[in-house]
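In case you want the letters, here they are:
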Amino acid sequence: LGLKMLSAQNFGESGKMKEYHYAGPTEHRFSPYAFNGGTVLAVAGEDFAIVASDTRLSEGYSIHSRDSPKCYKLTDTTVLGCSGFHGDCLTLTKIIDARLKMYKHSNNKTMTSGAIAAMLSTILYSRRFFPYYVYNIIGGLDEQGKGAVYSFDPVGSYQRDTYKAGGSASAMLQPLLDNQIGFKNMEGVEHVPLTKDKAVQLVKDVFVSAAERDVYTGDALRICIVTKEGIEEQNIPLRKD
Amino acid sequence: MALEDICNFKDKPTHKTFPFYASEDTSVSVFTEAFNFKWRGEMTSKKASDVPLEFHVPSLFKRPSSRASHSVSVRRPFPLSHGTTTLGFIFQGGVIAAADTRASAGGLVACPAVHKITPIHSHLVVTSSGSGADCMLWERILTREIRLYQLRHKRRLSISGTAKLLSLMLHPFKGTDVCVALTLCGWDKLIYVCSDGARLQGDIFSVGSGSPYAYGVLDRSLSWSLNKEEAILLAREAVFRATHRDAYSGNNVDLFHVTAEGWRQRQREDLKEEYYRDMEKRGKKMDLTGLFS
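Let me sum up the structure you'll find in this document. (Residues numbered from 1 in each chain as written. Chains lettered and ligands numbered in written order. Predicted model: local features only at pLDDT ≥ 70, side-chain atom pairs only at ≥ 80, totals over all residues. Heavy atoms only, no water.)

Notes on the sheet that holds strand 5 (residues 94-100) of chain B
Sheets are built from strands paired through backbone hydrogen bonds, the pairs being either parallel or antiparallel. All names here are of chain B. Reading across the sheet, the 5 strands line up as 13-4-5-14-15 and stay open at both edges, with antiparallel pairing between neighbours. With partners counted over all chains shown, the strands left at the sheet margins are strand 13 (204-207) and strand 15 (262-270), one partner each. In this sheet, adjacent strand axes meet at a mean angle of 10 degrees when their direction is disregarded. Lying over the sheet, helix 4 (residues 211-221) contacts strand 4 (86-91) and strand 13, oriented at roughly 155 degrees with respect to strand 13. Against the sheet, helix 6 (residues 271-281) contacts strand 14 (252-259) and strand 15, and its axis sits at roughly 65 degrees relative to strand 15. (Pairing = 2+ DSSP bridges. Helix = DSSP H or I, 4+ residues; strand = E, 2+ residues; numbered from the N terminus. Axes fitted to C-alpha atoms, helices over the stretch in contact; angles between N-to-C directions. Contact = heavy atoms within 4.5 Å.)

What follows is the structure, given as structure tokens:
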């Protein structure tokens, strides 16, 4: 993949076009990264976890695919959502799958969500000087059966949360989640624990809002609901424009 | 990780790892694997300065002097988390370590509830500032090395020794954009170690973008003879003032108190309440939206 006409230089870092005026000779350098858009979200409840992502794969002004979900099932109790550069997402999930199999064959048990999170952190940090351009969020059940969400930055810093949004619309969705799930910035409200149905409905509403305001989010929504019975998937259509 | 080393599981990975030397050719395929799965044993003993983590270095730019520290780096399209206020000081009742809990990436608050103070063992606590991922991983590496030392030598490494070990491990990465500034808070001394190579012992340290504000508050009231409650209040006040003035610090304050008996953690406190209490104390009437008459 060589230099394209609409190269990274014209687009700047996050896909927004730069102004057209002569600013001196530009040096075009091959950039190994591309931004393919997409948003991921994960919510942890008392005994469930939800990982949701949109299914649009875009680059610049084009849409490559309307059906490219960003949730990857790792084990029966863990789902990984990754958005950012699609090439790195694919390679990273292949590496994680291989490491999961190796662990299973050496230790005769499946990796737990916490262990997968710690392993992903070291995998990402081993590429500290040429990072995977991926925003990861792991959602699953911990050893006690409670919902767990682990969110990562591209170089491997991570921690356990109750809810997290990542990807192109993350800055829009995170405050909404802070307010609705964390009851932040509100006075005098009763803190009701989150049920599974309310959480699913909230996730759908939140993605509909994201599709309205973020151009890289849309087409369809894939929700993976992780409970002790297994992983249930739902597909909901979103705006296609 | 530790078990593999004890069993001498080592493998020569298929790609060149970092740190490497000028004479080696750095051309590698971009798709080679970077994991540490190890096979047959090797008889080489691990030096204390070996970095127990292997890094994949991009070979996009062939330079005649291919020293690792000279700009063999890919331009990153995303910001990393940075910005903080941490402080530590020593007084007659031990050592206090305090920090805010905000991690910012560019202009976005990536996480409002990060743990910047981590216990390494029962008598050593480390406060971190700089890049979030670097600090987290280097603390993990340091904890691992300290534990291995304790298992191999049947005694715990001293705080000065820990600081020296960390400094030696960070040295190969000097000049790269690894950004780590840790303050090791033991029960009787404070040592500041950073990835530029500094290793300093002192009585009071504050690190991060909010440190000038914290130093102002601390220098005014700090003395050796404070009692425990006064010291805790002082540390809290310093972090609060720094978060008020520094955009990249905020949210909550974490506080640890380390004594000869070990460390104790105070419950994390939201500074929003503290702000309102402070405003009331100064006699300003406020409504809930924060405008005052």
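Moving on from the coordinates now.
A look at the packing of aromatic side chains
Inspection of every chain in the model, using the stated rule, returns 14 aromatic pairs over all chains. Relative to Phe205(B), the ring of Tyr192(B) lies with its centre 5.7 Å away and its plane at 25 degrees, an arrangement referred to as stacked. Here the residue Tyr192(B) occupies a position in strand 11 (residues 190-194), and Phe205(B) occupies one in strand 13, the gap between them amounting to 13 residues. By the burial criterion, Tyr192(B) is buried, and Phe205(B) matches it. Members of the aromatic cluster, connected to one another through ring pairs, are Tyr33(A), Phe35(A), Phe85(A), Phe130(A), Tyr133(A), Tyr135(A) and Tyr216(A). Its guanidinium or amino end placed over the ring of Phe130(A), Arg127(A) lies 4.9 Å from that ring's centre, counting from NZ or CZ. The ring of Tyr132(A) carries the charged tip of Arg127(A) above its face, separated from the ring centre by 4.5 Å. (Phe/Tyr/Trp six-rings, centres within 6.5 Å; stacked < 30°, edge-to-face > 60°. Buried < 20%, exposed > 50% of the residue type's maximum accessible area, 1.4 Å probe, protein only. Lys NZ or Arg CZ within 6 Å of the ring centre and 35° of its normal.)

Quick look at the sheet that holds strand 2 (residues 49-54) of chain A
Residues and elements named next belong to chain A. The sheet built from 5 strands is open, its strands ordered 10-1-2-11-12 with antiparallel pairing. Strands at the two margins of the open sheet, each flanked by one partner only, are strand 10 (163-167) and strand 12 (230-237). Here the average twist between neighbouring strands, direction ignored, is 15 degrees. Helix-sheet contacts for helix 4 (residues 170-180) involve strand 1 (39-44) and strand 10, and the interaxial angle to strand 10 is about 170 degrees.

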